[in-house]
Amino acid sequence: MSNGPANGRSALVKDDLAYLIHPQHHPIEHQDPHIWISGQGVKLTNLEGKSYTDGLSGMWNVYVGHGRQELVDAAAQQMKTLAFATAYAGSTNPLAIELVRTLKRLVYPNIEAFYFTLGGSDATDTSIRTARFYWSEKGFPNKLKIIARKLSYHGSTVGAASATGVDEFSNGFGPRLPGFLHIDSPNPYRFTTSRKDVSPGVAAADLLEEAILREGPETVAAFIAEPVQGGGGGVLVPPDDYFPRIKEICERYNVLLISDEVITGFGRTGRWFALEHWGVKPDIVQFAKGITSGYFPLGGIGVSGAIKDILDKANPSHRWMHGYTASAHPVACRVALANLRIIEQEGLVERSAHLGKRLIDRLRSLETHQNVGEVRGLGLLVGIELVANRQTKENFVSTLEVGKRIRHELFVRGLYTRVLGEVICLAPPLVINEEEVDQVADIVKESIQAVLGA
Ligand code: PLP
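Remember, predicted model here, so these are calculated numbers, not experimental data.

**Observations regarding the packing of helix α3 (residues 69–81) against helix α10 (residues 330–345)**
In a pair of packed helices, the angle between the axes and the distance between the axes together describe the arrangement.
Right, on to step 1. The contact between α3 and α10 brings their axes to 9 Å, and the two run at 155 degrees. Classified by the angle their axes make, α3 and α10 are roughly antiparallel. The chirality of how α3 crosses α10 is right-handed. On α10, the residues touching E70, L71, A74, A75, Q77, Q78 and M79 of α3 are P330, V331, R334, V335, A338, N339 and I342.
Right, on to step 2. Split by residue class, the contact of α3 with α10 holds nine nonpolar, three polar and two charged.

Following this line, the structure appears as structure tokens:
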């Protein structure tokens, strides 16, 4: 980028406001934007030349850190050799094949085959269409409904926004598509139940059984859930007995379990895939973000052997009619291979488990603060929920703008991250070191004290 007047701050901001529509667009957020110019390791540098710790790995995705030459070389070499090849119509490419071989080794052992998308939203749509197609081919064309959870985020396409459990994503866009319903999230901090016979985790999972029975099992295709609810929930880690019970219920009623691991996949939580924490295997797993660390767009789904069989055995005239031009894109696949190699060679999954524990342990001392409701997380995926009143768990009134003020204080101290409502979310690159983790924890403490007192 040249340093001419067209690239001075005021000209950039003016044209950004005039011409660029942002995700979750509103100009109120872009009057004085962060203009990021470069990145190295866990640091991002802005137009003014100041560096900040990237507390959210870009948008929960830059696992291996910024400025990795291996990924630059992978993309450049592949673009020179073969920039594009279709995977339609009897064509394939060796990079996509090498990537599915690698995924077969890294993903849940029951997952047999993979389809590639461009990101997470279209991965959700692909899962939903695949679940419905599976049941239709098996002779159950009425198994169409998708059960999801409140506070979940599954993306912004029409299908993914219908699965998403945050109502704001549907405000002004018309109602969700028919056939999508949402049960309560198992949020351990806020979930309440009148049941005394079982644990809160089991009670929360049993809401799925209730919903299936209410709707009729013959109408339900799948249950979709993020193992740790991220962008909608503010890092909600379920109780340990939640997913095992969910799996039992899905099996009992022939409902497919879709694990949305767009944030939790590839080591973010300290395991390659997050349902491993609870010994559960999904029928469909969806991924994006960390598979390329954001260096190139790529997402996808993995399916069980039973689902792959159905796709393979369908009558050719009634096949799985789903596809994207960029599916199995050779550049994306090559970047993913180089990125997964780094994750494996540098032991980043174990590192995430180890450093995530260190970060959470250091933040736990905050739990005596009158406005810190809960510190929670799994691996390097952490949330700190702030409340007006610790006893009642009451939220701050929105006019106080606590989240926005905290975000500003974090930034002033050199940490860039996202505060969802009043939950400070932390998901730094997995290459972060001990000293940087401690700095992040210290900045969070100081920022909370600056806004809410000691
Ligand atoms: N699913 C989950 C769990 C996500 O967190 C996201 C994005 O944050 C998506 C799906 C949508 O992914 P994308 O933004 O790549 O479309």
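**A word on unusual backbone geometry**
Right, on to step 1. Residues other than glycine seldom take positive phi values, yet W60 does so here, at roughly 65 degrees.
Right, on to step 2. By secondary structure assignment, the location of W60 is in helix α2 (residues 57–60).

**Here's the deal with the sheet that holds strand β2 (residues 43–46)**
Right, on to step 1. One open sheet accounts for four strands, arranged β1-β2-β3-β13; its pairing is mixed. Looking at which strands have only one partner, the edges of the open sheet turn out to be β1 (36–40) and β13 (415–416).

**Some remarks on the sheet that holds strand β11 (residues 372–377)**
Right, on to step 1. The sheet built from four strands is open, its strands ordered β11-β12-β15-β14 with antiparallel pairing. A single partner strand is all that each edge strand has here, and the edge strands are β11 and β14 (418–420). Direction aside, neighbouring strands of the sheet carry axes that sit 20 degrees apart on average.
Right, on to step 2. Taken together, the five bridges between β11 and strand β12 (residues 382–386) define a ladder with antiparallel strand orientation. Bridge pairing in β12 places V375 opposite I384.
Right, on to step 3. Each of β11, β12 and β15 (423–426) is contacted by helix α11 (residues 348–364), which is oriented at about 170 degrees to β11, the strand it contacts most.

Definitions and cut-offs
Residues numbered from 1 in each chain as written. Predicted model: local features only at pLDDT ≥ 70, side-chain atom pairs only at ≥ 80, totals over all residues. Heavy atoms only, no water. Axes fitted to C-alpha atoms, helices over the stretch in contact; angles between N-to-C directions. Helix = DSSP H or I, 4+ residues; strand = E, 2+ residues; numbered from the N terminus. Parallel < 35°, antiparallel > 145°, perpendicular 65-115°, else oblique. Left-handed = near helix turned anticlockwise from the far one by under 90°. Contact = heavy atoms within 4.5 Å. Nonpolar A, V, L, I, M, F, W, Y, C, P; charged D, E, K, R; others polar. Pairing = 2+ DSSP bridges.

These values are about where atoms sit, not about what they do.
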